[in-house]
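Descriptive analysis of the structure
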Amino acid sequence: DVKVTQSSRYLVKRTGEKVFLECVQDMDHENMFWYRQDPGLGLRLIYFSYDVKMKEKGDIPEGYSVSREKKERFSLILESASTNQTSMYLCASSLPTFTGQYFGPGTRLTVT
Amino acid sequence: AQKVTQAQTEISVVEKEDVTLDCVYETRDTTYYLFWYKQPPSGELVFLIRRNSFDEQNEISGRYSWNFQKSTSSFNFTITASQVVDSAVYFCALSEANTNAGKSTFGDGTTLTVKP
């Protein structure tokens, strides 16, 4: 079974803090994705990566950066957290062959 | 640009009723892939099915069935004899074959509530 794990289920941070969200997958998938999920807005793609050290902006990259130093790990970084980044963050991984994405359990981030 | 529309925001049914979740998509590509995902109350999205644009055969898996019609750009999902465990948010998604990393565009989701 594909397993995608995220470092925290719940996280509370203060405005201005630097926040790291970690995602690890154990199925040797090339592709990894970060989404945020907000009520009424569905899933919006923040960044994705199709190889180690490769990254591309998604639909809403502003205020975020990512790092992929190893194939299995994809980190989302909020350089200076703001209250409008309070959200559910979902990580996913997939093969490069459009076979569907496998999601982690999500991190609910609250920025106060 | 690709777009996925799930017009039904919320649906409520009583157990054992059949229910259809609608998905309409837009794309200029001739080669693309369509997906359905389920997000139960626990929160983790689960991949259900993939269809490519050259395969319009309907698919049935137990109580689940999918109807793909290119003529109407729709990929609808039907649950027969619904159960309380089917309560979840369901997302339809589209990937164009020429995109990097197979990234998908998701619809806004349909929240299905099945009452006992």
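Attention here is on the structure that accompanies the text. (Residues numbered from 1 in each chain as written. Chains lettered and ligands numbered in written order. Predicted model: local features only at pLDDT ≥ 70, side-chain atom pairs only at ≥ 80, totals over all residues. Heavy atoms only, no water.)

Attention now goes to the state of the cysteines. In protein structure, a disulfide is the covalent linkage between the sulfur atoms of two cysteines. Residues and elements named next belong to chain A. Taken as a whole and assessed by the stated rule, the structure comprises two disulfides over all chains. Put simply, Cys-23 and Cys-91 are joined by a disulfide, and their sulfur atoms are 1.8 Å apart. An S-S torsion of about -80° defines the bridge between Cys-23 and Cys-91 as left-handed. Of this pair, Cys-23 sits in strand S3 (residues 19-25) while Cys-91 sits in strand S9 (residues 87-94), placing them 68 residues apart in sequence. Grouping residues by exposure puts Cys-23 and Cys-91 together as buried. (Disulfide = S-S within 2.5 Å. Helix = DSSP H or I, 4+ residues; strand = E, 2+ residues; numbered from the N terminus. Buried < 20%, exposed > 50% of the residue type's maximum accessible area, 1.4 Å probe, protein only.)

Tallying each qualifying case throughout the model produces one cavity of 30 Å³ or more. Size it by volume and the largest cavity reaches roughly 50 Å³. Lining the largest cavity are 12 residues, with Ser-94, Phe-98, Gly-100 and Gln-101 of chain A together with Gly-102 of chain B sitting closest to its centre. Split into classes, the residues belonging to the lining of the largest cavity amount to five nonpolar, seven polar and no charged. (1 Å grid on protein atoms, 1.4 Å probe; cavity = no way out; pocket = protein on both sides within 12 Å on 5 of 7 lines; lining within 4 Å. Points joined across faces, edges and corners; volume = space filled by probe spheres on them. Nonpolar A, V, L, I, M, F, W, Y, C, P; charged D, E, K, R; others polar.)

The next thing to look at is the packing of aromatic side chains. The final tally for this structure, using the stated rule, is 22 aromatic pairs over all chains. A centroid spacing of 5.2 Å and a plane angle of 50° characterise the contact between Tyr-25 of chain B and Tyr-32 of chain B, whose relative ring orientation is tilted. Relative to Phe-68 of chain B, the ring of Tyr-25 of chain B has its centre 6.3 Å away and its plane inclined at 50°; by these criteria the two rings are tilted. Taken together, the residues span a long stretch of sequence, with Tyr-25 of chain B in strand S4 (residues 24-26) and Phe-68 of chain B in strand S8 (residues 64-69) at a distance of 43 residues. Accessibility expressed as a relative area gives 2% for Phe-68 of chain B, which makes it buried. Feature note: the residues Phe-33, Tyr-35, Phe-48, Tyr-102 and Phe-103 of chain A together with Phe-35, Tyr-37, Phe-47, Phe-91 and Phe-106 of chain B constitute an aromatic cluster, connected by ring pairs. (Phe/Tyr/Trp six-rings, centres within 6.5 Å; stacked < 30°, edge-to-face > 60°.)

All right, on to the sheet that holds strand S1 (residues 4-6) of chain A then. Residues and elements named next belong to chain A. Taken together, the four strands give an open sheet; going across it, the order is S1-S3-S8-S7, and neighbouring strands pair in antiparallel fashion. Pairing within the sheet leaves two strands with one partner each, and these edge strands are S1 and strand S7 (64-70). Here the strands of the sheet are splayed against their neighbours by 20° on average, with no regard to which way each runs. Examined bridge by bridge, S3 and strand S8 (residues 73-78) share six bridges and lie antiparallel to one another. Of the residues in S8, the one forming a bridge with Glu-22 is Ser-75. (Pairing = 2+ DSSP bridges. Axes fitted to C-alpha atoms, helices over the stretch in contact; angles between N-to-C directions.)

A word on the nonpolar core. Taken as a class, soluble globular proteins show a tendency for nonpolar side chains to be buried jointly. Within the largest apolar cluster, 23 residues are counted, with the highest numbers of intra-cluster contacts made by Trp-36, Phe-75, Phe-77, Tyr-90 and Leu-112 of chain B. Put simply, the parts of the chain that give this core at least two residues each are strand S2 (10-14), strand S3 (19-21), strand S5 (32-39), S8, strand S9 (74-79), strand S10 (88-96) and strand S12 (110-115) of chain B. Counting residues in hydrophobic clusters, the runner-up holds 20 residues, among them Leu-11, Val-19, Leu-109 and Val-111 of chain A. (Core = buried A, V, L, I, M, F, W, Y, C linked by side-chain atoms within 4.5 Å.)

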